[in-house]
Amino acid sequence: MGRPSFETRPAAAPQDEAERVANHGSQPMTRAGWIRLLVIAAAVAVLEIACRVGWIPVTVVIPPSAMATSLYDIIASGTHWNDILVSLRSVVAAAVIAVLLGFLVGAVIHAFPVVRGAVEPLLASYYAVPTFMFYPVFIILFGVGSGAIIAIAVLLAIVAMISATLTGLDRIPTVLGKTARIMRLGPVERAFRISLPAAMPYLFTGVKLAVAYAFIGVIASEFILSGAGMGYAIAYAYNNFNNREMYGLMLLIVLVVTVVNTALDTVDRRLQARLRR
Amino acid sequence: MKSAIGSAAVLLVLMLFWQGLHLAVANSSLPSPVTTLVQLVALFGDPDFWKQTSQTAQAFGAAVVLSTVGGIALGVLLGMNRTAGSVSEPILVNLYSLPKVTLYPVVLLVFGLGISARIAFGVMHGMIPLTLFTMNAILQMKPVYRRSAAVMGLSPWQTSVTVVLPAILPEVITGARLGVSLCLLGVLIGEMFAARNGLGYMVMHAMERGDMATVLAVALLLAIFALLVNSALLALDRAWRH
Amino acid sequence: MSVALAEPAVVAAVADPHVRLTGVTRVFSRRGSTESVHALGPIDLDLMRGEFFSVVGPSGCGKSTLLDVLAGLAKPTEGTAEFEGRPIDGVPAGVGVVFQEDASFPWLTVEDNVAFGLRRAGVDPAEIARRVDYAIGFVGLRGFVDAYPAQLSGGMRQRVCIARTLVTQPRLILLDEPFGALDQQTRLLMGDELLRLWRETAATVLLITHALDEAAMLSDRVGVMSARPGVFIDIVETGWDAERDSRIVSHPRFGDLTGHLWEKLRTESLKHLRDG
């Protein structure tokens, strides 16, 4: 995972330059990374012991090892594959819509400063609105099912993408625009070969956030008011006092979301590294 | 001033859009803005509404206080030590982007069905951004500030009060802004699931009865409240940032 | 108006200027204000083919505006600007610019940065490889072809931009304080590279700088600009021969030259300082 040209670093580079690269090199595993792993392992071990010894009643939390076997059973038996697929399909749909629509809206707002002046103050406060409260409206508009859930998730995720697009387009250095003119690029070529790659690190941060919010929106909607999906399965297990299955599903969601977010974050950090100047 | 006019214009457009939806939806099961406002006024005269509001307000208030105090304390603690900071940051970021609603049953199992579960859930939402922002503010504080303080011969206590605190305050307020809105979200989600009181429950209950006007009236009220709180903190944020 | 400090340099035939500015002024209005700013001119200037000309002047005197006019990035409000006998309308072919800010593309490797212009012009791949290799070697970045700009120092990134300009074989090279962000030693060495580049390409060079020693060391002629609106208050011929390099800073005449430039510039800089 080391940076490809780490060893071609200039020998005579100034001190801060060397430090920069060194600090940023995402080497296989940093010291902090090991400690982090240790901390998490210790926390899991403590929970395991506390449950086994009986400090925490099994009716409240089951031991992590039991969660893991439950998760294994869920996957092996295939009882919840449908829920998993339903949720993932909604998340993907919501993320894709939020990213594309958010980019489009962001680009349009960026192009019209007057609109931007009016919309931007609201964008800063938008996320504060408890979007879930409007879920019933979407049921009226899209009916009970994936449509309403995707709509809620898009509503939650789109603003991150709009804001990221605005930031990204703002941060394209003026000098790159001038360079494009000197190289006599046409508007389309300029957009695709200069503006888009220059804004990409910011745009990708938007993508990362949009995916995280899409997960939150989908799972939460399913949990509160739906008849399918992983969120619903957890609520169902809870209401039927099936703790074992509930914890297995929770572990599944936590693992899936962590893996997806970590993967996106790794790409994000790589892209951000380009911007270090 | 100019931006206020712009924002008003945007809100007007949204209202018109709402009205348009009302007209477009078959049988108009979606109440119009006017119907919603009328219902909101009617709710103000309803003692039950005030009972639910006070339930939500209590849970929200307690969650805000707890997550602010806890978040800043934890952030300072983790920010004092570079290793602690870099160990915990990815964990916190991951917790932040986790659909915390999945963990709500655990909260219910631990705290029972009462108000404390909703407070705990609100704190789970609100505390993370505060911790993250406080921690990063301390970690990223320019070293020259501390060095200047040392050169001026300030004691550690004087340094914390006159240098560190003002230096990190803007970031802390940004964190609080996020934290407060998330506290409200947490409390409301808690009320929407497995609760017998609070505005979140009221919305769920009204929805089951098909009383869309009440659903929208309460949702609108909460949205306005959230926007106002956020704008106030945003203004504070800007004032501190100079 | 030119002052020769020593025996006059051999100046090319006057007949065919490579660049000709006649009565060029530039006036623009500030955003959100009806008040207009007279930034530049009137400027009359002829640059000979293959000449190295530097412009020095106080901050905000319109040096960069002058460069924008020559690059076709800004239109003169009055007067005419000509390059190779044709009026400048839009960015002319055959002009290369190196800006003060780092303009390397952070998403491309050094090699791809340098090849960017040639690839989109559809030049034959073998020819691209040859020219890119030469340009990268010329600026001393052979060991870094696969590095990204973020992995390079500021000076190295500026050399990437120089190489990227060089491969397109411009006949007129415009440099807007390209070494402004570098330390003094690096600047002197970059100056040597620039002189070498100039000799090898035989291009006409216009360098904007705020460093008097840089102007005195690199140029055939140095134009001194007044505070805004910028006009040339003096044009000095340095009289160096083409084979010069940074070691001329120890030449006895070098001190006289920079001294003369500073004398001209001092009053103008003071004006700028007082006006803010």
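Residues numbered from 1 in each chain as written. Chains lettered and ligands numbered in written order. Predicted model: local features only at pLDDT ≥ 70, side-chain atom pairs only at ≥ 80, totals over all residues. Heavy atoms only, no water.

Some words on the overall build of chain A
Part 1: Each helix and strand counted, chain A has eleven helices and zero strands in total.
Part 2: A burial count over chain A gives 48% of its 277 residues as buried.
Part 3: Look at the contacts in chain A between residues 6 or more apart in sequence, and 70% of them connect residues 24 or more apart.
Part 4: Surface exposure of chain A reaches about 13200 Å², of which carbon and sulfur atoms provide 70%. (Helix = DSSP H or I, 4+ residues; strand = E, 2+ residues; numbered from the N terminus. Buried < 20%, exposed > 50% of the residue type's maximum accessible area, 1.4 Å probe, protein only. Contact = heavy atoms within 4.5 Å. Areas by Shrake-Rupley, 256 points an atom, 1.4 Å probe, with all protein chains shown as cover.)

Considerations on the interface of chain A and chain B
Part 1: Each partner contributes to the interface: chain A provides 51 residues, whereas chain B provides 54 residues.
Part 2: Here chain A packs against chain B, burying approximately 4500 Å² in sum over the two surfaces, 80% of which is carbon and sulfur.
Part 3: Among the residues of chain A in contact with chain B, Met133(A), Phe223(A) and Tyr238(A) are the three that bury the most area, contributing 15% of the side total.
Part 4: For the pair chain A and chain B, the interface holds zero salt bridges.
Part 5: Counting across the interface, chain A meets chain B through six residue pairs in polar contact (both at pLDDT 80 or more).
Part 6: Going through the elements one at a time, α2 (31–53), α5 (113–126), α6 (135–142), α9 (187–225), α10 (230–239) and α11 (243–275) of chain A are the ones with two or more residues in the side of chain A that touches chain B.
Part 7: Sort the elements by how many residues they give to the side of chain A that touches chain B and α11(A) lands first, with ten residues. (Buried area = accessible area lost by both parts, 1.4 Å probe. Salt bridge = Lys/Arg side-chain N within 4 Å of Asp/Glu carboxyl O. Polar contact = N/O pair within 3.5 Å; in protein donor to acceptor, adjacent residues only side chain to side chain.)

Quick notes on the pattern of salt bridges
Part 1: Inspection of the entire model under this criterion finds 24 salt bridges over all chains.
Part 2: The closest approach of N and O atoms between Arg142(C) and Asp133(C), which form a salt bridge, is 3.0 Å.
Part 3: Classification of Arg142(C) by relative accessible area gives partly exposed; the value is 49%.
Part 4: For Asp133(C), a relative accessible area of 39% gives the class partly exposed.
Part 5: Salt bridges sharing partners connect three or more residues here, namely Lys208(A), Asp265(A), Asp268(A) and Arg269(A).

Side note on the nonpolar core
Part 1: Ranked by internal contacts, the top residues of the largest apolar core, which has 213 residues, are Phe134(A), Ile43(C), Val114(C), Leu174(C) and Phe232(C).
Part 2: Among the elements that take part in this core, α9(A) stands out by supplying 16 residues, more than any other.
Part 3: Grouped together as the second largest cluster of nonpolar side chains are eight residues, Leu130(B), Ile138(B), Val172(B) and Ala176(B) included. (Core = buried A, V, L, I, M, F, W, Y, C linked by side-chain atoms within 4.5 Å.)

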